[in-house]
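What follows is each chain in one-letter form.
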Amino acid sequence: MATEGAMTQELKTEPKPPSRQLHRCPGWAAPFMASPLRRLFESPEKLLGPWVEPGMTILDVGCATGFFGLPLARMTGENGLVLCVDVEPRMLKGLVRRATKAGLIDRIEPILCGQDDLALSDHEGTVDFAVAIHSLHELPDIEGGLRQITAALKPGGRLLVVEPRGHVSGATWDHEIETAGHLGLSVGRMLDLRRRYAALLKKP
Ligand SMILES: C[S@@+](CC[C@H](N)C(=O)[O-])C[C@H]1O[C@@H](n2cnc3c(N)ncnc32)[C@H](O)[C@@H]1O
């Protein structure tokens with residue numbers, strides 16, 4: 001299992017992806033992604049609040065219907081922006097509906113991406129804080145995704161990766177963190193979350 005100290009060094013050899021079964025969250029699951037029941041187990045404000053400041057540009061990779069994207073838009077305030085990226089049109093439709101209803105749509109940019117293209121080329125070097133929550137393992141090319149996220153971050157920008165334990169194997173998690181190290185991100189902190197892996201990474 002990757003440890004914090006080991007990952008602060010950039011790896012010289014390219015990490016090999018472990019074999020894994022690719023699973024993509026289906027579009028029909030959209031109405032369940034932001035169910036109020038979920039808030040009983042997960043608080044977006046508690047998890048993300050420590051890293052968000054007003055006016056930030058934030059990236060939410062695999063945003064679904066905005067369980068995290070909407071609270072992020074509230075936290076970054078009227079001068080902030082949340083880039084909400086997803087490959088599934090039904091997820092983004094739900095996001096736009098929920099953000100409009102909540103009066104937050106002006107702070108949200110929904111981005112429909114491709115399987116291997118997060119469609120962030122217009123946003124390179126603009127992001128203060130990025131999150132990939134329960135989503136990085138769904139990307140067919142984890143290294144390609146991390147490379148695009150890294151390019152979108154400002155120098156000193158942070159990326160929080162959270163993955164569900166069990167559903168995501170230890171080998172896949174190690175691969176994600178090793179790949180991030182290979183791309184020059186350093187592990188600022190491993191977060192201690194119940195039943196989840198979580199790491200806060202930093203671009204130099
Ligand atoms: C398990 S859901 C998590 C959603 C959200 N982060 C949350 O925790 O509520 C994973 C999301 O990643 C999206 N996704 C899957 N493959 C993707 C890809 N290649 N690029 C961008 N998003 C993708 C899915 O459509 C889905 O909305």
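What comes next concerns the included structure. Everything quoted here is computed from the prediction, not taken from an experiment. (Residues numbered from 1 in each chain as written. Predicted model: local features only at pLDDT ≥ 70, side-chain atom pairs only at ≥ 80, totals over all residues.)

## Observations regarding the site of the ligand
Logical step 1: The environment of the ligand is made up of 20 residues, and the closest members are Gly62, Ala64, Val87, Glu88 and Glu138.
Logical step 2: A per-class count over the shell around the ligand returns twelve nonpolar, four polar and four charged. (Near = placed C-beta within 6 Å. Nonpolar A, V, L, I, M, F, W, Y, C, P; charged D, E, K, R; others polar.)

## Considering the nonpolar core
Logical step 1: If you look at the biggest cluster of nonpolar residues, it comprises 56 residues, and the most contacted ones within it are Leu59, Ala130, Ala132, Ile149 and Leu159.
Logical step 2: Top contributing element to this core by residue count: strand β4 (residues 127–133), with six residues.
Logical step 3: Once you skip the residues sitting within four places of it in the chain, Ala132 turns out to touch Val61, Gly62, Ile149, Leu159 and Val161. (Core = buried A, V, L, I, M, F, W, Y, C linked by C-beta atoms within 7 Å. Buried ≥ 20, exposed ≤ 12 C-beta atoms within 10 Å, placed from the backbone. Helix = DSSP H or I, 4+ residues; strand = E, 2+ residues; numbered from the N terminus. Contact = placed C-beta atoms within 7 Å.)

## Things to note about helix α5 (residues 89–101)
Logical step 1: Here α5 contains 13 residues, and its C-alpha end-to-end distance of 18 Å stays within 8% of the 18 Å for a straight helix at 1.5 Å per residue.
Logical step 2: Within α5 the residues assigned to the buried category are Met91, Leu92, Gly94, Leu95 and Ala99. All buried residues of α5 lie within an arc of 160° about the axis, which places them on one face of the element. For α5, exposure combined with an orientation more than 90 degrees from the buried face picks out Pro89, Thr100 and Lys101.
Logical step 3: Residues of α5 that are buried sit in contact with α2 (30–33), α4 (69–76), β2 (81–86) and β3 (108–112).
Logical step 4: Once α5 finishes, Gly103 follows within two positions and takes phi at roughly 70°, a positive value. (Expected span 1.5 Å × (residues − 1). Arc of directions from axis to C-beta.)

## A look at unusual backbone geometry
Logical step 1: With phi around 60°, Ala119 is a residue other than glycine that occupies positive phi space.
Logical step 2: Here Ala119 lies in the loop between β3 and β4.
Logical step 3: If you check the backbone angles, His134 has positive phi at about 55° while not being a glycine.
Logical step 4: On the secondary structure map, His134 appears in the loop between β4 and α6 (142–152).
Logical step 5: Accessibility expressed as a C-beta count within 10 Å gives 20 for His134, which makes it buried.

## Thoughts on the environment of Leu47
Logical step 1: Note on placement: Leu47 falls in helix α3 (residues 44–48).
Logical step 2: Given 19 C-beta atoms within a 10 Å radius, Leu47 is considered partly exposed.
Logical step 3: For the pair Leu47 and Phe68, spaced 21 residues apart in sequence, the C-alpha separation works out to 9.6 Å.

In short, geometric facts, not functional conclusions.
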